Amino acid sequence: MFATLADNLAERNIRTGLGFLSDRAGFAIGETLIAYAPGDSYAAALAVGLLNTLLISALGIILSTLLGLAVCMARLSSNWLLAKLSGIYIELVRNIPLLLQMFVWYAALLFGLPGPGSGAVGAIDLDNRGLHLPALTLSDPARAALLIVFLASAILFGVFRRRRARVVLALALTGMTGVLLILWGAIDLPRAGRFGTIGGLSLSTEFLTLVAGLSVYASAYLAEIFRGAILAVPAGQREAARALGLSPAQTLGRIVLPQALRVAMPPMTSWHLNTIKNSSLGVAIGYPEFLSVVDTVISQTGQAIEGVGLLVATFLLLSLSLSLVTGLYARRLGWSVAGQPGRNQPAARESFPIRAVAAWPAWVRRNLFGGGRQSILSVAILALATIAVGKGLTWLFFDATFAGGATECRSAGGACWPFLRENARLILFGTYPEPEQWRAAGAAAALLGCLALSFAPRFWSGRLGLAWLGAVAAAILLLRGGFAGLPYVPMEKWSGLPVTLLLASVAVIGAFPLAILLAFGRRSPKRAVRWPSVAFIEVVRGTPLIGVLFLAAVMFPLFVPSYLSIDSLPRVQIALLFFTAAYMAEVIRGGLLAVPAGQEEAAQALGLTKWQARRHILLPQALKVSVPGLVNTSISEVKNTTLVLIVGVFDLLQTTRLSYVEAQWRPYFAEAYLFTGTIFFLLCFSLSRLSMKIERKLHYAG
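Here's what I pulled together on the structure shown here. (Residues numbered from 1 in each chain as written. Predicted model: local features only at pLDDT ≥ 70, side-chain atom pairs only at ≥ 80, totals over all residues. Heavy atoms only, no water.)

1. Quick word on the side chain of Thr 655
One can find Thr 655 in helix H24 (residues 652–659). A distance of 2.8 Å separates a polar side-chain atom of Thr 655 from the backbone oxygen of Leu 652. Excluding anything up to four places from it in sequence, Thr 655 contacts Leu 426, Ile 427, Gly 430, Ser 495, Gly 496 and Phe 650. (Helix = DSSP H or I, 4+ residues; strand = E, 2+ residues; numbered from the N terminus. Polar contact = N/O pair within 3.5 Å; in protein donor to acceptor, adjacent residues only side chain to side chain. Contact = heavy atoms within 4.5 Å.)

Take a look at the structure:
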């Protein structure tokens, strides 16, 4: 393999080593936190990309945490309307791929906001080029450095305080910083320029899209993490706080949240790590984060091995650093992540008596208008919901265009449903030959049929696995053709919904046996087996999926002979399979740890060999515990398939973007994303219901 790599590098005249970092970069970067010009080195360009990644990650972590806590409080609210609306928010956000949400944000900002005008510009201005804010300027860099030192010292003293004197010192440093800002600083306001807004602080549309997408997506998961942690606080803690005369707000802030944060810290850290890795999605919308800069460097130098190595090492270092900081902080406060004894079960909400009409008024009084604050909140929610639903129905139906073409749609103000009539086949099947699209529909139907069979408990056996294998084989044969009179269709023509379903299905089915081997390998007493398993799992999990796909698309050809040509679709499929296997391995390993040690000892006492004990005793019990987690991993895999468009594979999301490329259909991106978002939501929501059904079945059986 290494000989093949050396031959390919020599044939393509690609040098190795990190000496290229000192060479002139020769490309511009639109958004920088430090001074940078095209004449600077590649190392400087990578530093700019890294700082942008750190900025995006920090803002995403802070905003998602605050928004997730707010949604959690709404979900736990005694107001029936607020709790239901927050639940709908969580389900919608969690079951739609992040990349699709980012494209919706980007299109809404780019096409929904007005362009930069030449008239007067206010102190705060928002257009389709970004958000323009007043900026504080300092003429002397030394003064800026001094202010940063003062502010950092104040933060450190405030966070790591032990005595009252340190709190006073932190406040003094903060006040000194504010005074110096007033004396030394000047305010630069945005103003109209010849080609747009100039001056002030400009946050680009790409920056806003990335921050909003990461914050909203992570907040839905963090809300459920916070909710579970709050419910884990024993009910006696609230009762004791009430007996001491604390108000509900004081009880929440001083008693419940500090204890809940101990339980929430590990999963919350995991999601913050995901936010750091998801920041690499900026490459899809043109934001110059680290992955985007690495991609440009590789394109100009051809040094893919070094570029991918820097990418993997950087994200691993960021992940380990965040884990280390949160771990040290938790240990310093003496927190235990083992959980709290007991569980505070939420009060069962009274369901709406939809069939008993006579009970409606009493239910409304109890659940919506039980007090003054409750009534005000219910009225406000009902008013806002009525306005939102009214505008939504007006856009969807009353002002919508149902016949005609783009000309008729432009004269109306609602949805343009002729767009879907003209482009639905393009969205679903993409570039697959139109006369043969019945085969693509048959392939999708075979895979969706197996998903429907998975909901029937009577098929939960080895037969279901065989059915999935048969459906995958049938889908591949139908898409490929070349037999029984079916014309051959090359892989580069496969696209749309069948590709999305096929990528997810093959990744999950193929990753399952590999995940079992990795889980056992990580628990092996032999270092030659354990260390490679640990390294594979940690490296793959610590690298963004885009980085893994990028590795498969760019580096895989360097490791195979030049005469062996492999299409991009199989390469991407292998990358998805490995990525899924790394996460599944940890789920299965958790199931193995849940099996009592006496089970293996009993198997050995019965004379079973090590592999017989694993196959017949340990693995069945571990999988019983792991099945819900494995289904959740499958849901993530369905959403992860959207990332393949970045490496040139035409999945459902990519064909959706193609549908409004033509100038006449470009204003109707909302209809395209609504159609595709509905498909993804139905797929992911169905899988989440399947996970809950399996969990209930196993809980009932066990």
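More follows now that the structure is in view.
2. A look at unusual backbone geometry
One non-glycine residue, Ala 484, lies in positive phi territory at about 50°. Examined against the element boundaries, Ala 484 turns out to sit in the loop between helix H17 (462–480) and helix H18 (497–522). By relative accessible area, which is 75% here, Ala 484 ends up exposed. (Buried < 20%, exposed > 50% of the residue type's maximum accessible area, 1.4 Å probe, protein only.)

3. Section: the pairing of strand E2 (residues 130–133)
Sheet topology note: the strand E1 (residues 125–127)/E2 ladder contains three bridges and is antiparallel. By the bridge assignment, Leu 126 is partnered in E2 with Leu 131. Counted along the chain from E1 to the antiparallel partner E2, the turn is two residues long. Sheet topology places E2 next to strand E7 (residues 201–204); four bridges connect them, and they run antiparallel. For Gly 130, the partnering residue across the bridge sits in E7 and is Ser 204. (Pairing = 2+ DSSP bridges.)

4. Considerations on the state of the cysteines
Summed over all chains, the structure comprises one disulfide. Note that Cys 409 is cross-linked by a disulfide to Cys 416, the S-S spacing being 2.0 Å. Between Cys 409 and Cys 416 the sulfur-sulfur dihedral comes to about 75°; the bridge is accordingly right-handed. Of the residues examined, Cys 409 reaches a relative accessible area of 2% and is grouped as buried. (Disulfide = S-S within 2.5 Å.)

5. Notes on the pattern of salt bridges
In the structure shown here, the tally under the stated rule is 10 salt bridges. Counted as one network, the salt bridges with shared partners bring together Arg 522, Glu 538, Arg 541, Glu 586 and Arg 589. (Salt bridge = Lys/Arg side-chain N within 4 Å of Asp/Glu carboxyl O.)

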